[in-house]
Amino acid sequence: MNRQGPQRQVLAALNAALAAQSAQYAAYFCAAGEEPLFTANAERFPAASLIKVPIALAWAHLERQGLVDPDELCELDGQPQVQGAGFSWLLRMRRLPYRDALLLMLSLSDNLCANLLIEKMGMDRLNEIFAGALGLRQTRLERKLMDLDARAAGRDNWIGAEDAARLFELVTELPAEQRGWLEPMLLANQDTSLLLRDLARDSLEFFHKTGSLPGVAHDWGYTRGRRIFLLTAGWQDEAAVNAAFGEFGRLIA
């Protein structure tokens, strides 16, 4: 209990900072050998690019069954050339293995590659895997990435706070071979603007995925000894929310 005193103080400060922004949030921190610390005022959030972690885990599930082939080539011109995060739409090479599409999706949050993976696996089948094999109760795909018309019509992608905590277990339970390709992709994530913003660059190995939309920011990840995530939505002041991420992220070190 005493070891968690400073951590609880950080969590209390986070509560106050996000409440001041009228934000919806869910925050989780767990150091090895200690009880998890969790606080939230909401359960379900627009997933933004954090949905790409369940997509990768669903791919791993299908790969174990022999239903998808990581070496099969996908056509980058096979989906509308959405932009946003990532740069696969700029590549001169227009075919690449699905394993490389997974890499670009997780490391650079590439939206075109995410949509190619969704198309390959099928949105309905992905949702069945999320709810069934992965046991994610509130994670759901309702649109492809950067489909602004679908979002304007009220269709979005979703993740729950309990699901975000379960993602840690799902990664841990992967066969060693699949962890061997997934973890380097999470480690290669280039976004250091949220939980990592106040930590010295390259000072630790943090396997993580971020996601953002207007008024939405998430960061989920782990080191070898610590697990952490912060999901936020409904705020107006991005600078204030980013500062809260940075303060909370200091627990990782």
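Everything discussed here concerns the structure shown above.
Residues numbered from 1 in each chain as written. Predicted model: local features only at pLDDT ≥ 70, side-chain atom pairs only at ≥ 80, totals over all residues. Heavy atoms only, no water.

Draft legend 1. Structural detail: the overall build of the protein. Helix and strand counts for the protein stand at nine helices and nine strands. Relative to the globule expectation of 18 Å for 253 residues, the C-alpha radius of gyration of the protein, 18 Å, shows essentially globular dimensions. Projecting the C-alpha coordinates of the protein onto the three principal axes gives extents of approximately 50 × 40 × 35 Å. A total accessible area of about 11400 Å² is found for the protein, and carbon and sulfur atoms account for 49% of it. Computing the positive centroid from 26 side-chain charges and the negative centroid from 32, the protein places the two 1 Å apart. (Helix = DSSP H or I, 4+ residues; strand = E, 2+ residues; numbered from the N terminus. Rg over C-alpha atoms; globule rule 2.2 N^0.38 Å. Areas by Shrake-Rupley, 256 points an atom, 1.4 Å probe, with all protein chains shown as cover. Lys, Arg positive; Asp, Glu negative; His and termini not counted. Charge placed at Lys NZ, Arg CZ, Asp CG, Glu CD.)

Draft legend 2. A look at the packing of aromatic side chains. Applying the stated criterion across every chain yields a total of eight aromatic pairs. Pairing Tyr-28 with Phe-229 gives two aromatic rings, centres 5.2 Å apart and planes at 5°, and the pair type is stacked. In this pair, Tyr-28 is assigned in strand 1 (residues 24–31) and Phe-229 in strand 9 (residues 226–233), connecting sequence segments 201 residues apart. Among the aromatic residues, those joined into a cluster by ring pairs are Tyr-28, Phe-168, Phe-207, Trp-220, Tyr-222 and Phe-229. We note Arg-99 situated over the ring of Trp-181; from NZ or CZ to the ring centre the distance is 4.3 Å. (Phe/Tyr/Trp six-rings, centres within 6.5 Å; stacked < 30°, edge-to-face > 60°. Lys NZ or Arg CZ within 6 Å of the ring centre and 35° of its normal.)

Draft legend 3. Here's a closer look at the pairing of strand 8 (residues 216–222). Across the seven residues that make up strand 8, a large majority, seven, are buried. By the alternation rule, side chains of strand 8 split into Val-216, His-218, Trp-220 and Tyr-222 and Ala-217, Asp-219 and Gly-221, which are all buried. Across seven bridges, strand 7 (residues 207–213) lies against strand 8 in antiparallel orientation. Looking across to strand 8, one finds that Lys-209 is bridged to Trp-220. As consecutive antiparallel partners, strand 7 and strand 8 are separated by two residues, and within that stretch Gly-215 has a phi angle of approximately 75°, a positive value. Note: strand 8 against strand 9, seven bridges, orientation antiparallel. Bridge pairing in strand 9 places His-218 opposite Leu-231. Counted along the chain from strand 8 to the antiparallel partner strand 9, the turn is three residues long. (Buried < 20%, exposed > 50% of the residue type's maximum accessible area, 1.4 Å probe, protein only. Pairing = 2+ DSSP bridges.)

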